[in-house]
Amino acid sequence: MPFGAKADSTTPPPLSGGGKEQRVTKQRLAVSAALDELDDFVSTQELYRILQNQGVSVSLATAYRILQSLADEGLVDVLRNGDGEAVYRRCAVTGHHHHLLCRNCGKAVEVEAPAVETWAARIAAEHGYTEVAHTVEIFGLCPECTARKAAGGA
């Protein structure tokens with residue numbers, strides 16, 4: 001469903017996810033559809049502005065709750081940007097992966113890092129830790145922003 005598209009007026013059935021029943025509301029469908037259209041990570045406030053510009057009626061608090069719910073269910077990735085703000089993205093890779101993130105434009109690239117996985121498992125085992133999870137995000141400048149910076153641009 002494209003952003004701003006209106007869902008029908010019937011009450012949708014609940015969805016199961018993460019062990020908790022989630023109702024599929026018009027707002028949840030709109031947030032999900034908006035995420036499907038975006039390539040890069042987006043903050044809740046940025047997504048809220050996009051939805052408002054598309055004429056979708058959703059409160060900022062509801063957008064926060066829906067995004068957190070989608071993250072809890074593993075349907076979106078969430079991380080902290082350079083400012084410490086939570087940002088969300090529907091990723092193409094469904095398994096465990098990491099991201100390269102541009103500090104300037106927000107472009108994200110999904111990467112697998114077997115060396116990181118091996119290192120994390122080894123460090124955990126050396127210290128007797130089990131059921132280990134980790135997050136690795138690499139921040140830098142993408143090639144386009146690097147070229148603009150070299151050319152004297154912003």
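Residues numbered from 1 in each chain as written. Predicted model: local features only at pLDDT ≥ 70, side-chain atom pairs only at ≥ 80, totals over all residues. Heavy atoms only, no water.

Chemist: Teacher, can you tell me more about the sheet that holds strand β5 (residues 86-89) here?
Modeler: Paired through their backbone hydrogen bonds, the strands of a sheet run either parallel or antiparallel. Reading across the sheet, the 3 strands line up as β3-β5-β4 and stay open at both edges, with antiparallel pairing between neighbours. Looking at which strands have only one partner, the edges of the open sheet turn out to be β3 (42-43) and β4 (77-80). Both β3 and β5 contribute to a ladder of 2 bridges, which runs antiparallel. Opposite V42, over in β5, you have Y88 as the bridge partner. (Pairing = 2+ DSSP bridges. Helix = DSSP H or I, 4+ residues; strand = E, 2+ residues; numbered from the N terminus.)

Chemist: What is the right way to read unusual backbone geometry from this model?
Modeler: Most peptide bonds adopt trans geometry, and most residues besides glycine take a negative phi value. One non-glycine residue, E131, lies in positive phi territory at about 50°. For E131, the position within the fold is in the loop between α4 (114-126) and β8 (137-140).

Chemist: Explanation requested: the pattern of salt bridges in the structure shown.
Modeler: Proximity of charged atoms lets side chains of opposite charge pair with each other. Within this structure, the stated rule accounts for 4 salt bridges. D36 serves as the salt-bridge partner of R90, at 2.6 Å between the closest nitrogen and oxygen. Taken together, the residues R90 in the loop between β5 and β6 (98-102) and D36 in helix α1 (residues 26-37) connect sequence positions 54 residues apart. Overall, the relative accessible area of 49% leaves D36 in the partly exposed class. Ionic pairing is found between R122 and E126, a salt bridge with its closest N-O pair at 2.9 Å. Here the residue R122 and the residue E126 both occupy positions in helix α4, the gap between them amounting to 4 residues, near one helical turn. Residue classification places R122 among the partly exposed residues on the basis of a relative accessible area of 43%. (Salt bridge = Lys/Arg side-chain N within 4 Å of Asp/Glu carboxyl O. Buried < 20%, exposed > 50% of the residue type's maximum accessible area, 1.4 Å probe, protein only.)

Chemist: I would appreciate a short explanation of helix α3 (residues 60-72) in the present structure.
Modeler: Because an α-helix completes one turn every 3.6 residues, residues spaced three or four positions apart along the sequence face the same direction. Here α3 contains 13 residues, and its C-alpha end-to-end distance of 18 Å stays within 8% of the 18 Å for a straight helix at 1.5 Å per residue. Within α3, the full set of buried residues consists of T62, A63, I66, L67, S69, L70 and A71. Remark: G74 follows α3 within two positions and exhibits a positive phi of approximately 75°. (Expected span 1.5 Å × (residues − 1).)

Chemist: Whenever I open this one, the state of the cysteines confuses me. Can you help?
Modeler: Cysteine pairs can be linked by a disulfide, which is a covalent bond between their two sulfur atoms. By the definition in use, this model includes 0 disulfides. With no disulfide of its own, C142 lies 3.7 Å from the sulfur of C145, the closest cysteine sulfur. In this structure C142 comes out as buried when scored by relative accessible area, which is 8%. (Disulfide = S-S within 2.5 Å.)

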